[in-house]
Amino acid sequence: MKKVELTPKEKQILYGLVKYPQMTDKQLSEELKIKHSTTTAIRHRLKENEYFRRLIIPKLQNMGCQMLVVIYTNFSPLIPLEERVEITGKTIEVFEEIFFSVGEQDKGFSLSLTKDYATIGRINDIRTQTFGGRGLLEDKYPSMVVFPFEISKIYRFFDFFPLLRKTFKIEPEKDDEILNLAFINTTNVNFSETEKNVFCMMISYPEMSDSDIGREIGVSRHTASRLRRRFEEKNLIRYICLPNLQKIGFEILVFSHIRFDPKNPPNMDNDEAALLMSDSTVFFASRMFEAVMVSIYQDYDDYKSDMMKITQVLKENRWVAQDPIVRSYGLNNMVFIKDLKFAPITHKIVGCDFWVKKLLNI
C-alpha cells in the first residue's frame with residue numbers, strides 16, 4: 001500500500017483520535033486547540049480515506065473469561081500462504097475464542113480469550129493435528145503462552161498513541177499514560193437479557209448509534225444510551241481507534257516471546273517488565289516468567305535500534321538465560337486472518353437472544 005503523507009493538522013487529528021477515542025469532535029478540538037469545524041472536516045476525510053477504524057473492546061474478564069492465550073507457529077515454506085489460510089479458515093479460525101490472527105509464508109501467531117484452559121487446549125490440539133496432518137509444520141509444535149488474568153498483567157492492549165506520538169514527533173504530555181493494564185480489574189457482572197442484547201450489538205457494531213441499536217433490538221434510544229453509560233461506568237468496555245498502519249507508512253510488525261531467567265525474573269509487583277516497552281510497543285503481556293510483545297516499526301533501522309535497546313535492558317538486569325524468540329513480519333506481505341474480531345467470543349460468553357444472534361448473523 002502506497003504511503004500518503006499527511007499534513008501536520010491531519011497528523012495531529014489522527015493522533016488525537018487514537019489517543020482520545022471516546023471524545024466528540026468538540027471535545028477533541030478543545031483538547032488539540034484546533035477549530036471545531038476543522039477537526040470535523042479532517043476526521044471525515046481521514047475516515048473516508050480509511051486512515052482509522054473504531055472498535056469497542058469488551059472487558060470479558062468480568063463475565064467469566066479467565067485468560068488471554070498467545071499461540072505462534074513456524075510453517076513449512078513449501079505450502080502456499082493462500083492454501084494455509086484457506087485450511088485454517090475452515091478448521092481453526094472458526095473458533096470464537098480467536099480474536100486476532102496473522103500469518104506470513106513461514107510463520108503466524110494468534111491471540112485468544114477463553115473461559116478456561118480446556119477450551120483453548122482443545123483448539124490447540126486441533127490446530128496441531130490439522131497442521132501436522134497436512135504437512136504444514138516445520139519441526140516444532142505450535143507454541144502456546146497462557147496469561148491467566150489473576151497472575152498476569154496486560155500492560156498494553158493495542159495501544160497505538162505512543163507509536164503515533166513518536167512517528168509524528170508530537171511532544172508528550174505530562175499525563176500521558178504509559179501503562180494500560182488492561183483486564184486487571186475483575187468483578188463478576190450479571191446481565192439482564194436486554195443488557196446482553198445491547199452489549200453484544202455494541203461490540204458487533206461499534207459505530208452504530210444508540211438510536212439504531214435500540215431500533216434493531218426493540219428498545220428505546222434512552223434505554224440503549226443508559227446501558228452504554230452503565231457499561232462505561234463499570235469499565236466493561238473500552239473504546240479504541242485503530243490507525244491504518246500501512247497507509248501511514250509502517251512496514252514491519254515484530255512478535256517477541258521472552259522467557260525470563262527463573263533465578264532472576266523482573267519484579268511483577270514493581271512492574272519491572274514494563275521497562276522493555278518502547279513507543280513502538282502496541283501489545284505487551286507479562287507474567288512472572290515470560291512475556292509476549294508486539295511492536296510496529298517504520299523500517300528495518302527503526303526495528304534494529306529498538307531491539308538493541310530491549311536486549312540492553314534484558315542483559316543489564318540479567319533477566320534472561322536464553323535469547324528471546326523474535327519473529328518479524330512485513331506488513332505488506334502478511335495476511336490478517338482475524339483483525340481484532342471480538343464479537344464472536346462476546347456472544348459466546350455473554351449470550352444474547354436467539355433472534356439477536358440471527359440479526360448478527362452468528
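Conventions used here
- Residues numbered from 1 in each chain as written.
- Predicted model: local features only at pLDDT ≥ 70, side-chain atom pairs only at ≥ 80, totals over all residues.
- Heavy atoms only, no water.
- Helix = DSSP H or I, 4+ residues; strand = E, 2+ residues; numbered from the N terminus.
- Rg over C-alpha atoms; globule rule 2.2 N^0.38 Å.
- Buried < 20%, exposed > 50% of the residue type's maximum accessible area, 1.4 Å probe, protein only.
- Contact = heavy atoms within 4.5 Å.
- Areas by Shrake-Rupley, 256 points an atom, 1.4 Å probe, with all protein chains shown as cover.
- Lys, Arg positive; Asp, Glu negative; His and termini not counted.
- Charge placed at Lys NZ, Arg CZ, Asp CG, Glu CD.
- Pairing = 2+ DSSP bridges.
- Axes fitted to C-alpha atoms, helices over the stretch in contact; angles between N-to-C directions.
- Phe/Tyr/Trp six-rings, centres within 6.5 Å; stacked < 30°, edge-to-face > 60°.
- Lys NZ or Arg CZ within 6 Å of the ring centre and 35° of its normal.

K.L.:
How should the overall build of the protein chain be read in this particular structure?
P.N.:
Broken down by element type, the protein chain carries 13 helices and 12 strands. In terms of C-alpha radius of gyration, the protein chain reaches 21 Å, essentially the compact-globule figure of 21 Å for 362 residues. By residue count, 54% of the 362 residues in the protein chain fall in the buried class. The contacts in the protein chain between residues at least 6 apart in sequence include a share of 79% that link residues at least 24 apart. As presented, the protein chain carries roughly 17,400 Å² of accessible surface, and 48% of it is formed by carbon and sulfur atoms. For the protein chain, the centre of its 51 positive side-chain charges and the centre of its 49 negative side-chain charges are spaced 3 Å apart.

K.L.:
Please explain the environment of Val 254 as it appears in this structure.
P.N.:
Its location among the elements puts Val 254 in strand β8 (residues 252-259). On the accessibility criterion, Val 254 (1% relative accessible area) is buried. Remark: the alpha-carbon pair of Val 254 and Pro 162, spanning 92 residues in sequence, is separated by 16 Å. Setting aside chain neighbours within four positions, we find Val 254 in contact with Met 293, Val 294, Ser 295, Tyr 297, Tyr 303, Val 326, Arg 327 and Ser 328.

K.L.:
Would you mind showing me how to read the environment of Met 144 here?
P.N.:
Positionally, Met 144 belongs in strand β5 (residues 143-148). Expressed as a C-alpha distance, the spacing of Met 144 and Phe 52, which sit 92 residues apart in the sequence, is 31 Å. The residues contacting Met 144, other than those within four sequence positions of it, are Val 69, Val 70, Ile 71, Tyr 117, Ile 120 and Asn 124.

K.L.:
Explanation requested: the sheet that holds strand β12 (residues 335-339) in the structure shown.
P.N.:
Overall, antiparallel pairing links the five strands, which are arranged β5-β2-β4-β3-β12 in an open sheet. Every other strand in the sheet has two partners, leaving β5 and β12 as the edge strands with one partner each. Recorded for the sheet is a direction-independent mean angle of 10° between the axes of neighbouring strands. Bridge analysis of strand β2 (residues 67-74) against β5 gives six bridges, and the strand direction is antiparallel.

K.L.:
What should I look at first to understand the packing of aromatic side chains in this one?
P.N.:
The relation between two aromatic rings is expressed through the spacing of the ring centres and the mutual angle of the planes. According to the stated counting rule, one finds 20 aromatic pairs in the structure shown. Ring plane angle 65° and centroid distance 6.4 Å describe the contact between Tyr 15 and Phe 161, whose orientation is recorded as edge-to-face. With Tyr 15 in helix α1 (residues 8-19) and Phe 161 in helix α6 (residues 161-167), the pair connects residues that are 146 residues apart, well separated along the chain. Phe 161 shares its class with Tyr 15; the two are buried. Within the aromatic cluster, the residues linked to one another by ring pairs are Tyr 72, Phe 99, Phe 100, Phe 109, Phe 157, Phe 158, Phe 255, Phe 283, Tyr 329, Phe 336 and Phe 342. Across from the ring centre of Phe 52, 5.4 Å away, lies the NZ or CZ of Lys 47, which sits over that ring. One residue, Lys 247, lies across the ring of Tyr 51, its end atom 5.2 Å from the ring centre.

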